[in-house]
Amino acid sequence: MASDKEKEPRSWQQNVLLYVHDLMCMLLVVMLLFLVVFRVILVTGDSMFTTLWDGDYLLLISNLFCGDPEPGDIVVISKQSFDHGSPIVKRVIAIQGQTVDIDFESGTVYVDGQALREPYIHNETTNEEGTQFPLTVAENCVFVLGDNRAVSLDSRSPQIGQIDRREVLGKALFLMIPGTHHGQLLPDYSRIGAVH
């Protein structure tokens, strides 16, 4: 019985081609994931300070995969009527059918008559921006506020108003690369992690 022919070793050129092939396949998979499932968004401005800082890079899961926004979620929105559709980052406060009221003297936000516990805010909600309260969130919409209420342009303003769920690009999952706060020279890398 004839013995099996021994396999000849690959040449270095064949090895290089195999590595390039594998690398291209991995890059294609990563590109598809970032086109369909994930996005990376740059935070601009201080409207979400101290939760998010200007210059932070966020990993976002697409709205096709994250489900409907829920109160407390940090979402990225693109509203064509505001800043030519540039992405903005805000926190969902209420969803369709819920009633939002704001006591601008005490800075307290109420949803369905219950005062919200908001440990994430930088300052109280004392700025009126033109929207009349109480307000019931329309069907397929969400009401959003920034965590830095003194400087945030959000659903209190008729410029932004309620956000149609189709205008939600996705939900913020993870702070990938931290930005710097005013006057800070180096990023605080301890901030890297899940976004709440």
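Owing to the predicted nature of the structure, the values given are computational and were not obtained by experimental measurement.

*Asks:* What am I meant to see in unusual backbone geometry here?
*Replies:* Excluding glycine, most residues fall at negative phi; most peptide bonds, likewise, are trans. Residue Phe49 is joined to Thr50 through a cis peptide bond whose omega torsion reads 15°. Residue placement: Thr50 occurs in the loop between β1 (38-42) and β2 (57-62). Note that the residue after Phe133, namely Pro134, is joined by a cis bond; omega there is 0°. Structurally, Pro134 is set in the loop between β7 (114-115) and β8 (135-136).

*Asks:* What is the right way to read the sheet that holds strand β6 (residues 108-111) from this model?
*Replies:* Whether parallel or antiparallel, the strands of a sheet pair through hydrogen bonds between backbone atoms. With antiparallel pairing, the four strands of this open sheet are ordered in space as β7-β6-β5-β8. Across the chains shown, the open sheet's two edge strands, defined by having one partner strand only, are β7 and β8.

*Asks:* Teacher, can you tell me more about the pairing of strand β9 (residues 141-145) here?
*Replies:* Within β9, five of the five residues are buried, which leaves the element mostly enclosed by the surrounding structure. Where burial is concerned, the two faces of β9 agree: the one with Cys141, Phe143 and Leu145 and the one with Val142 and Val144 are both buried. Alignment of strand β4 (residues 88-95) against β9, held across four bridges, turns out to be antiparallel. Paired with Ala94 across the strands is Phe143, a residue of β9. Looking at chain direction, β9 and strand β10 (residues 163-164) are connected through two bridges and run antiparallel. Residue pairing across strands places Cys141 opposite Asp164, the latter belonging to β10.

Reading the values: rules and limits
- Residues numbered from 1 in each chain as written.
- Predicted model: local features only at pLDDT ≥ 70, side-chain atom pairs only at ≥ 80, totals over all residues.
- Heavy atoms only, no water.
- Helix = DSSP H or I, 4+ residues; strand = E, 2+ residues; numbered from the N terminus.
- Pairing = 2+ DSSP bridges.
- Buried < 20%, exposed > 50% of the residue type's maximum accessible area, 1.4 Å probe, protein only.

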